[in-house]
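Listed below, chain by chain, are the residues.
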Amino acid sequence: NLLISTFGDRNMAPEAYYSIGEIYANLEFPGFDFEKADANFSRVYNIYSRSERVDDALLYSGLLKARLGEFRNARTTLQRLVDEYPQSSLAPKALFHLGLNLVNLGEPITALEVLQRLIDDYEDKDTSLRALRVIHKLYRTQVLVAKAGSSLYKPDAAFSGKKFKDVTAIEVDQNDQV
């Protein structure tokens with residue numbers, strides 16, 4: 001608290017809150033505490049909205065919420081980063097993790113749309129490749145689930161409603177983890 005009271009509203013305060021959040025989020029730190037980490041990240045983006053650390057804090061906060069299983073809160077936080085800071089270098093990562101959160105929330109079709117948006121709108125090769133791998137896995141899962149008779153997945157109308165997009169030509173290392 002001495003650190004924060006010393007810096008007050010100066011430009012160093014958001015950096016201090018962000019750094020404290022990073023410390024609490026570090027699993028190797030003996031006193032790690034995700035809730036305290038998220039509280040510090042929240043201070044950055046709620047109190048110091050003009051700080052250069054806002055997009056960093058939003059991403060880290062969204063990732064922490066997902067790790068805690070708070071997928072709806074993670075979705076909101078990650079979506080905020082994408083909506084308010086679309087030019088941020090972290091926007092592609094936010095979209096990728098937003099897509100993963102949507103899968104965890106049982107919204108695979110929306111997840112596919114978000115991941116495709118990442119590929120279409122951003123030139124982040126590494127994150128786009130990871131998104132393509134997830135899309136590939138989702139389509140394969142979609143075909144298997146549809147064949148089992150689940151109504152969760154429906155054929156893509158762009159393909160006459162009779163078949164799914166053929167993603168078998170996409171080369172994916174089967175040992176690669178997403």
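Computed from a predicted model, the values in this text were never measured in an experiment.

Engineer: Any chance you could explain the side chain of Asp 55 here in plain terms?
Structural biologist: On the secondary structure map, Asp 55 appears in helix H4 (residues 54-67). Setting aside residues up to four positions removed in sequence, Asp 55 forms contacts with Leu 81, Ser 88 and Leu 90.

Engineer: How should I be thinking about a nonpolar patch on the surface in this particular structure?
Structural biologist: A surface patch of nonpolar side chains, about 340 Å² in accessible area, is lined by Ile 23, Leu 27, Phe 29 and Phe 32. Tracing the chain through its elements places Leu 27 in the loop between helix H2 (12-25) and helix H3 (34-47). Among the residues examined, Leu 27 registers a relative accessible area of 43% and is labelled partly exposed.

Engineer: Sorry if this is basic, but what is going on with the nonpolar core here?
Structural biologist: Note that soluble globular proteins tend to have their nonpolar side chains buried in a common cluster. Phe 41, Leu 95 and Leu 115 are the most contacted members of the largest nonpolar core, which totals 36 residues. Residue assignment for this core shows that the elements contributing at least two residues are H2, H3, H4, helix H5 (71-84), helix H6 (91-104), helix H7 (108-121) and helix H8 (125-147). Counting residues per element, this core draws most heavily on H6, which supplies 6 residues. Leave out the neighbours within four places in its chain, and Leu 95 touches Val 82, Val 114, Leu 115, Arg 117, Leu 118 and Tyr 122.

Engineer: Any chance you could explain the pattern of salt bridges here in plain terms?
Structural biologist: Scanning the model with the defined rule gives 6 salt bridges in all. Among the salt bridges present, the one from Arg 53 reaches Asp 56, with a minimum N-O distance of 3.6 Å. Among the salt bridges present, the one from Glu 84 reaches Arg 80, with a minimum N-O distance of 3.2 Å. Taken together, the residues span about one helical turn, with Glu 84 and Arg 80 both in helix H5 at a distance of 4 residues. Through salt bridges with shared partners, a single ionic network connects Glu 15, Arg 53 and Asp 56.

Engineer: Sorry if this is basic, but what is going on with the environment of His 136 here?
Structural biologist: Mapping His 136 onto the fold places it in helix H8. Residue class for His 136 comes out buried when judged on its relative accessible area of 2%. For the pair His 136 and Leu 112, spaced 24 residues apart in the sequence, the C-alpha separation amounts to 9.5 Å.

Engineer: How should I be thinking about the packing of H5 against H6 in this particular structure?
Structural biologist: Between two packed helices, both the angle of their axes relative to each other and the distance between the axes serve to describe the pair. Viewed as axis vectors pointing N to C, H5 and H6 meet at an angle of 155°, and their least axial separation amounts to 9 Å. Between H5 and H6, the angle is such that the two are roughly antiparallel. In terms of crossing hand, the pair formed by H5 and H6 is left-handed. Where H5 approaches H6, its residues Phe 71, Ala 74, Arg 75, Leu 78, Gln 79, Leu 81 and Val 82 are matched on the opposing element by Ala 91, Ala 94, Leu 95, His 97, Leu 98, Asn 101, Leu 102 and Asn 104. Broken down by class, the residue content of the contact of H5 with H6 amounts to 10 nonpolar, 4 polar and 1 charged.

Engineer: For this particular structure, what's the right way to read H2?
Structural biologist: For H2, which comprises 14 residues, the first-to-last C-alpha distance of 20 Å matches the rise-based estimate of 20 Å (1.5 Å per residue) to within 8%. Along H2, the residues that are buried comprise Ala 13, Pro 14, Ala 16, Tyr 17, Tyr 18, Gly 21 and Ala 25.

Engineer: Help me out: how do you make sense of the packing of aromatic side chains in this one?
Structural biologist: The description of two aromatic rings rests on the distance between their centres and on the angle between their planes. Counted by the stated rule, this structure contains 5 aromatic pairs. Residues Phe 41 and Tyr 60 carry aromatic rings whose centres are separated by 4.6 Å and whose planes lie at 20° to one another, so their mutual orientation is stacked. Linking Phe 41 in helix H3 with Tyr 60 in helix H4, this pair joins segments that are 19 residues apart in sequence. On the basis of relative accessibility, which here comes to 0%, the residue Phe 41 falls in the buried class. Within the aromatic cluster, the residues linked to one another by ring pairs are Tyr 18, Phe 41 and Tyr 60.

Criteria and thresholds
Residues numbered from 1 in each chain as written. Predicted model: local features only at pLDDT ≥ 70, side-chain atom pairs only at ≥ 80, totals over all residues. Heavy atoms only, no water. Helix = DSSP H or I, 4+ residues; strand = E, 2+ residues; numbered from the N terminus. Contact = heavy atoms within 4.5 Å. Patch = residues over 30% accessible without salt bridge, like charges linked within 9 Å, V, L, I, M, F, W, Y side chains within 5 Å. Areas by Shrake-Rupley, 256 points an atom, 1.4 Å probe, with all protein chains shown as cover. Salt bridge = Lys/Arg side-chain N within 4 Å of Asp/Glu carboxyl O. Buried < 20%, exposed > 50% of the residue type's maximum accessible area, 1.4 Å probe, protein only. Core = buried A, V, L, I, M, F, W, Y, C linked by side-chain atoms within 4.5 Å. Axes fitted to C-alpha atoms, helices over the stretch in contact; angles between N-to-C directions. Parallel < 35°, antiparallel > 145°, perpendicular 65-115°, else oblique. Left-handed = near helix turned anticlockwise from the far one by under 90°. Nonpolar A, V, L, I, M, F, W, Y, C, P; charged D, E, K, R; others polar. Expected span 1.5 Å × (residues − 1). Phe/Tyr/Trp six-rings, centres within 6.5 Å; stacked < 30°, edge-to-face > 60°.

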